[in-house]
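Listed below, chain by chain, are the residues.
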Number of protein chains: 2
Amino acid sequence: MEPVGLRARKKLRTRDAIADAAISLFLARGFEQVSVSDIAATAEVSKPTLFRYFATKEDLVLHRFADHNGEAARVVRDRGPDIAPLTALHRHFRAGLDRFEPVTGLNDHPEVVAFHRLVFTTPSLAGRLTQYLLDDEDALAAVLGPGIGARLQAAQVIAVHRVLARTNWQRIADGRTAHDVQPEAIVEADQAFAQLRHGTGDS
Amino acid sequence: MEPVGLRARKKLRTRDAIADAAISLFLARGFEQVSVSDIAATAEVSKPTLFRYFATKEDLVLHRFADHNGEAARVVRDRGPDIAPLTALHRHFRAGLDRFEPVTGLNDHPEVVAFHRLVFTTPSLAGRLTQYLLDDEDALAAVLGPGIGARLQAAQVIAVHRVLARTNWQRIADGRTAHDVQPEAIVEADQAFAQLRHGTGDS
DNA sequence: GTTACCGGGTTGCTTTTTTAACCCAGTAAC
DNA sequence: GTTACTGGGTTAAAAAAGCAACCCGGTAAC
């Protein structure tokens, strides 16, 4: 078991308090309209403490994505024997859809939808999110192997994730429910991964 | 204004958390049946931290009395001009009765009654409470002036406080309400302070 | 009658947090 | 075109808290 003393517990709580304060202020007033000092004050910590937990203002929002950092690489690394990387990635994304995980975009909790809108409509956030995706891509490429082939495949996988998730989110932002969208999301995911496996079929 | 930064606020909260945890555990299981480690764990602080806030286990209970430490001396020191010390003390106690302050014993909140019973029925607590009263007495004597006269008067004042408060508490412990007891408490207080002023009248 | 445990309280060291001051970039005032 | 403010981010020193290990008195086990 990992040692979960007072110190560790309180650190987690502090981190949560900061993140919660940040998200709720951002959702209420918009990213640019909230200063990090406001967040620190709301979370009842000092500004240096805030920055000890989160490197930048953007990370206050994106740590939820950061939690998934390297996930694709991990999925490939931890796949069972006799399972192709693409198969493992496909199954993992599919499982995410089944569970309506926010990363898949297939989640209609108002809070989640508002959160996604916040990210996508705030340039600095969208920009930093891209950086995260590139890191993800690097990690995935590294575990897929050396050479340009692995890099290309990694790039394509991450792109597929991104497009599928944004598509799902867009439909939900348009007012549909996650449950309603789920079937086509699954079909599209299957199609996307099939395309990765076999090419587009264009000559 | 007094500067109330993050540090001061959090220290207060920690102190309150410890004290609250202690009191509620003591009331639930009794003084001896609770270890300071239990209290520290409940308050989510370490044992050394607990002892940085409270010198002894007894003080975890008695800090409420300690908050009134030196109050008698303060009342005398801060009295208006042309007001005799005894008059100031009398008025102050009388005001406490009017407001049903727990120190006067004239308070029937179940929590307060249970708290008093805890103190009076636990020898080590009662003992330490006596120490507090002696400190109070010293402070009062000092402000009343030098000499044996001041010391005697101080001792008598503190004794009066103690007897009046215990009498009030006893009646409430017997099931009467504070409101019901209040009139006689006031009469007795007046009598007690009159006796201090003029002697018992015995020859 | 040792041995071992328990509970109140302490000690030294490390980690975390606060504080106040600062840097730098943008920008509004005049 | 300075001047001054605001906001993101940093630094160094000091306070507070955590941790582990300990002391000491009592008391239960064997």
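Residues numbered from 1 in each chain as written. Chains lettered and ligands numbered in written order. Predicted model: local features only at pLDDT ≥ 70, side-chain atom pairs only at ≥ 80, totals over all residues. Heavy atoms only, no water.

Student: Help me understand the relation of the copies chain B and chain A, please; the structure alone is not making it clear to me.
Tutor: Two copies of one chain are present, and they are related through a rotation about an axis combined with an axial shift. For the pair chain B and chain A, the best superposition has an RMSD of 0.1 Å and corresponds to a rotation of 179 degrees with a translation of 0.0 Å parallel to the axis. The superposition of one copy onto the other is thereby described by a two-fold rotation axis. Taking C-alpha positions as reference, the residue of chain B nearest the rotation axis is Lys10 of chain B, located at 6.8 Å. Interface overlap between copies: 100% of the residues of chain B at the interface are likewise at the interface in chain A, consistent with a symmetric, same-surface contact. (Least-squares fit on C-alpha atoms with pLDDT ≥ 70 in both. Contact = heavy atoms within 4.5 Å.)

Student: Before we go on, may I ask you to explain the domain arrangement of chain A in this structure?
Tutor: Where interface size is quoted, it is often the accessible area lost as the parts come together. All names here are of chain A. Splitting chain A by domain gives domain 1 (6–54) and domain 2 (64–198). Taking only C-alpha atoms, the centre of domain 1 and the centre of domain 2 are 27 Å apart. Both sides together, the interface formed by domain 1 and domain 2 hides about 570 Å², and carbon and sulfur atoms give 76% of it. Of all residues in domain 1, Ile23, Leu27 and Phe31 bury the most surface against domain 2, accounting for 75% of the area lost on that side. At the boundary of domain 1 with domain 2, the tally comes to 0 salt bridges. Inspection of the region where domain 1 meets domain 2 yields 0 residue pairs in polar contact (both at pLDDT 80 or more). (Domains from an automatic or database assignment. Buried area = accessible area lost by both parts, 1.4 Å probe. Salt bridge = Lys/Arg side-chain N within 4 Å of Asp/Glu carboxyl O. Polar contact = N/O pair within 3.5 Å; in protein donor to acceptor, adjacent residues only side chain to side chain.)

Student: Where do I start with the protein's contact with DNA strand C in this structure?
Tutor: What surrounds DNA strand C is a group of 22 residues, the closest being Thr49 of chain A together with Lys10, Val36, Lys47 and Lys57 of chain B. Among atoms of DNA strand C positioned within 4 Å of the protein, sugar and phosphate together represent 64%. Contact distances for DNA strand C include 3.4 Å between a phosphate oxygen and a side-chain N or O atom of Arg52 of chain A. When contributions to the surface near DNA strand C are tallied by element, the ones reaching two or more residues are helix H1 (6–29) and helix H3 (47–53) of chain A together with helix H1 (6–29) and helix H3 (47–53) of chain B. It is H3 of chain A that provides the largest number of residues to the surface near DNA strand C, a total of 4 residues. The residue inventory of the surface near DNA strand C, partitioned by class, reads 8 nonpolar, 6 polar and 8 charged. (Near = heavy atom within 4 Å. Helix = DSSP H or I, 4+ residues; strand = E, 2+ residues; numbered from the N terminus. Nonpolar A, V, L, I, M, F, W, Y, C, P; charged D, E, K, R; others polar.)

Student: What is the right way to read the packing of helix H6 (residues 85–98) of chain B against helix H9 (residues 147–173) of chain B from this model?
Tutor: Packed helices, taken two at a time, are described by the angle their axes make and the gap between the axes. Residue and element names in this part refer to chain B. Packing of H6 against H9 brings their axes to within 12 Å, and their N-to-C directions diverge by 15 degrees. One way to sum up the angle between H6 and H9 is to call them roughly parallel. Classified by chirality, the crossing of H9 by H6 is right-handed. Counting all contacts with H6, which are made through Leu86, Leu89, Phe93 and Leu97, the residues of H9 involved are Gln153, Val157, His161, Leu164 and Asn168. Its residues assigned to classes, the contact of H6 with H9 shows 6 nonpolar, 3 polar and no charged. (Axes fitted to C-alpha atoms, helices over the stretch in contact; angles between N-to-C directions. Parallel < 35°, antiparallel > 145°, perpendicular 65-115°, else oblique. Left-handed = near helix turned anticlockwise from the far one by under 90°.)

Student: Before we go on, may I ask you to explain the layout of surface pockets in this structure?
Tutor: Unoccupied space between atoms shows up once a probe the size of one water molecule is rolled over them. In this structure, the largest pocket spans a volume of roughly 1200 Å³. Forming the boundary of the largest pocket are 28 residues, of which Lys10 and Thr14 of chain A together with Lys10, Thr14 and Glu44 of chain B lie nearest the centre. Breaking the lining of the largest pocket down by element, the ones donating at least two residues are H1 and H3 of chain A together with H1 and H3 of chain B. A class-by-class count of the residues in the lining of the largest pocket yields 10 nonpolar, 6 polar and 12 charged. (1 Å grid on protein atoms, 1.4 Å probe; cavity = no way out; pocket = protein on both sides within 12 Å on 5 of 7 lines; lining within 4 Å. Points joined across faces, edges and corners; volume = space filled by probe spheres on them.)

Student: What exactly am I supposed to notice about the interface of chain B and chain A here?
Tutor: Between chain B and chain A, the contact holds 7 residues from the first and 7 residues from the second. Across the chain B to chain A interface the summed buried area is about 580 Å²; carbon plus sulfur atoms make up 40%. Our enumeration of links across chain B and chain A arrives at 4 salt bridges. In this structure, Arg9 of chain A engages Glu44 of chain B in a salt bridge whose closest nitrogen and oxygen atoms are separated by 2.7 Å. Linking chain B to chain A there are 6 residue pairs in polar contact (both at pLDDT 80 or more). Partitioning the side of chain B that touches chain A into residue classes produces 2 nonpolar, 1 polar and 4 charged.

Student: Looking at this model, I keep getting lost on the protein's contact with DNA strand D. Mind explaining?
Tutor: Among the 22 residues in the neighbourhood of DNA strand D, the closest are listed as Lys10, Lys47 and Lys57 of chain A together with Arg52 and Tyr53 of chain B. When atoms of DNA strand D within 4 Å of the protein are split into backbone and base, the sugar-phosphate part holds 60%. Backbone polar atom of Lys57 of chain A to a phosphate oxygen of DNA strand D: 2.8 Å apart, as the coordinates give it. A distance of 2.8 Å separates a phosphate oxygen of DNA strand D from a polar atom in the side chain of Lys11 of chain B. For the surface near DNA strand D, the secondary structure elements donating two or more residues are H1 and H3 of chain A together with H1 and H3 of chain B. Considering every element that reaches the surface near DNA strand D, the biggest residue donor is H3 of chain B, with 4 residues.

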